[in-house]
Amino acid sequence: MFNDDRDIKIFTAIKKADEPEAVVIADEMKRQAISGNLQKAKNLGEVIAKSFREAADKKELLHLSEDCGVAELTRNIKDQAIILSVFAAEYALNQYLTDSILSTTAISQLYDTLTDDSPELYSNLLASTAFSFYYMNIDLKNVDTEVIGKTFAVLCDDDFNEALFCYGKTIFVTSVESYRKTIGTIDFA
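Being a predicted model, the structure only gives us computed values, none of them experimental. (Residues numbered from 1 in each chain as written. Predicted model: local features only at pLDDT ≥ 70, side-chain atom pairs only at ≥ 80, totals over all residues. Heavy atoms only, no water.)

Draft legend 1. The arrangement of the pattern of salt bridges in detail. Under the definition given, this model contains 5 salt bridges. A salt bridge links glutamate 28 to arginine 31; its shortest N-O distance comes to 2.7 Å. Of this pair, glutamate 28 and arginine 31 both sit in helix α1 (residues 19-35), 3 residues apart, roughly one helical turn. In this structure, aspartate 117 engages lysine 50 in a salt bridge whose closest nitrogen and oxygen atoms are separated by 2.7 Å. Of this pair, aspartate 117 sits in helix α5 (residues 100-117) while lysine 50 sits in helix α2 (residues 37-57), placing them 67 residues apart in sequence. For lysine 50, a relative accessible area of 35% gives the class partly exposed. (Salt bridge = Lys/Arg side-chain N within 4 Å of Asp/Glu carboxyl O. Helix = DSSP H or I, 4+ residues; strand = E, 2+ residues; numbered from the N terminus. Buried < 20%, exposed > 50% of the residue type's maximum accessible area, 1.4 Å probe, protein only.)

Draft legend 2. A look at the packing of aromatic side chains. Taken as a whole and assessed by the stated rule, the structure comprises 8 aromatic pairs. The structure contains a cluster of three or more aromatic residues connected by ring pairs, namely Phe87, Tyr91, Phe131, Tyr134, Tyr135 and Phe172. (Phe/Tyr/Trp six-rings, centres within 6.5 Å; stacked < 30°, edge-to-face > 60°.)

Draft legend 3. Local environment of the nonpolar core. In this structure, Phe52, Val86, Leu93, Leu110, Leu114, Phe152 and Tyr167 are the most contacted members of the largest nonpolar core, which totals 50 residues. Looking at this core, the elements that each hand over two or more residues are α2, α3 (60-68), α4 (75-96), α5, α6 (119-127), α7 (130-136), α8 (145-155) and α9 (162-184). The dominant element in this core, judged by the number of residues it contributes, is α4, at 12 residues. Beyond its immediate stretch of four places on either side in the chain, leucine 110 contacts Gly45, Ile48, Ala49, Phe52, Val86, Ala89 and Leu93. (Core = buried A, V, L, I, M, F, W, Y, C linked by side-chain atoms within 4.5 Å. Contact = heavy atoms within 4.5 Å.)

Draft legend 4. Here's a closer look at the packing of α4 against α6. At a minimum axis distance of 11 Å, the contact between α4 and α6 shows a crossing angle of 85°. Overall, the two elements α4 and α6 adopt an arrangement that is roughly perpendicular. Of α6, the residues touching α4 (which contributes Asp79, Ile82, Ile83 and Val86) are Leu121, Asn124 and Leu125. Here the contact of α4 with α6 is composed, by residue class, of 5 nonpolar, 1 polar and 1 charged. (Axes fitted to C-alpha atoms, helices over the stretch in contact; angles between N-to-C directions. Parallel < 35°, antiparallel > 145°, perpendicular 65-115°, else oblique. Nonpolar A, V, L, I, M, F, W, Y, C, P; charged D, E, K, R; others polar.)

Okay, structure coming up:
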């Protein structure tokens, strides 16, 4: 009998991911917690989440739509405006909180607060494909607000409506600026 072992493969154990990275992350989490930054990030997420209801109550979105010449603020357009505001919040938290642990914490708290305080809005967010469209149509480092406006109009089922282009662009720009200012008020250590 002839034995040829050229076709025998010897497998080596797969190396586990380097644990030092996990240790570094854990150490950073501990540092952020001890400094109070994690709690500040949670508070920030909660404040921003509560601002969605306040914006609707103060009719801010209605005023923006009138400024852009939106003829009728339908239920779909209102829903898309709130969804775009939430997207703008997530975008701003990722852009202006340079520490990923803090941005992730703030975003997580934002959604936890929405789940508790505005379950209908949270359900709409889960059911919507809007975030996917916004993320597909932007470069996170250089957002083209014209693209945001056009995407908003498409999501409102009126692709060529200049007033909706303006409305979407305006919501995004004013929301991001508002969230940037809010983030700037937090004194992270």
